[in-house]
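Topology and contacts: notes
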Amino acid sequence: KRRPTAEPDRTIQLELSALTIRRSDESFVHLSCWDFGGQHEAYAAVQQPYIVPGALYLLVVPADRASDEYRQEVLGQWLDMLQTRAPGAAVQLVLTRVDKLEGSGAAEEQEE
């Protein structure tokens, strides 16, 4: 069963941010972050024009939602959309909130 993100933490449709990094050779790398917020069903049609080949896609997943059901339902949909709209795109899965999992070791260390 999917649990919706708390209202204050939601990205509505699309949130844009930018970051410029100065490299050691004094050149710059400009990064553009397009946060789709994960509401696949609600915004899938609106997000599709932003899915382009040649970009790096980070699929950010809270560890407590990384179940087989979630993987098939949500991650599968995102991966299918990326494969359809941007074949061969670089996709990196990012697992967050691992420290919040019971039995992860990290949660127990924080309590001590």
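Residues numbered from 1 in each chain as written. Predicted model: local features only at pLDDT ≥ 70, side-chain atom pairs only at ≥ 80, totals over all residues. Heavy atoms only, no water.

1. Some remarks on the overall build of the protein chain
Scanning the protein chain from terminus to terminus reveals three helices and four strands. Overall, the protein chain shows an N-to-C arrangement of helices and strands of β-β-α-β-α-β-α. Counting all 112 residues of the protein chain, 21% fall into the buried class. Relative to all contacts within the protein chain whose residues are 6 or more apart in sequence, the contacts with residues 24 or more apart total 60%. Roughly 8,200 Å² of accessible area belongs to the protein chain as shown, and the carbon and sulfur atoms make up 52% of that amount. (Helix = DSSP H or I, 4+ residues; strand = E, 2+ residues; numbered from the N terminus. Buried < 20%, exposed > 50% of the residue type's maximum accessible area, 1.4 Å probe, protein only. Contact = heavy atoms within 4.5 Å. Areas by Shrake-Rupley, 256 points an atom, 1.4 Å probe, with all protein chains shown as cover.)

2. Quick notes on the environment of Glu 15
Following the sequence through the fold, Glu 15 ends up in strand S1 (residues 15-22). Measuring from C-alpha to C-alpha, the distance between Glu 15 and Trp 34 comes to 5.9 Å, with 19 residues separating the pair along the chain. In this structure, Glu 15 is in contact with Cys 33, Trp 34 and Asp 35, ignoring residues within four places of it in sequence.

3. Digging into the environment of Trp 78
Inspection of the secondary structure assignment puts Trp 78 in helix H2 (residues 68-85). Since its relative accessible area comes to 8%, Trp 78 is described here as buried. Once the C-alpha coordinates of Trp 78 and Leu 59 are considered, the two residues, 19 residues apart in sequence, prove to be 8.2 Å apart.

4. Some points on the pairing of strand S3 (residues 56-62)
The side chains of a regular strand alternate between the sheet's two faces. In this sheet, strand S4 (residues 90-96) lies alongside S3 in parallel orientation, the contact comprising seven bridges. Bridging from a neighbouring strand, Val 60 pairs with Val 94 of S4. (Pairing = 2+ DSSP bridges.)

5. A closer look at the nonpolar core
Ranked by internal contacts, the top residues of the largest apolar core, which has 13 residues, are Ile 51, Tyr 57, Tyr 70, Trp 78 and Ala 86. At the level of elements, S3 and H2 are the ones that each hand at least two residues to this core. Counting residues per element, this core draws most heavily on H2, at six residues. Apart from the residues within four sequence positions on either side, Ile 51 is in contact with Phe 36, Tyr 57, Met 81, Leu 82, Arg 85 and Ala 86. (Core = buried A, V, L, I, M, F, W, Y, C linked by side-chain atoms within 4.5 Å.)

Geometric values such as these leave the question of function open.
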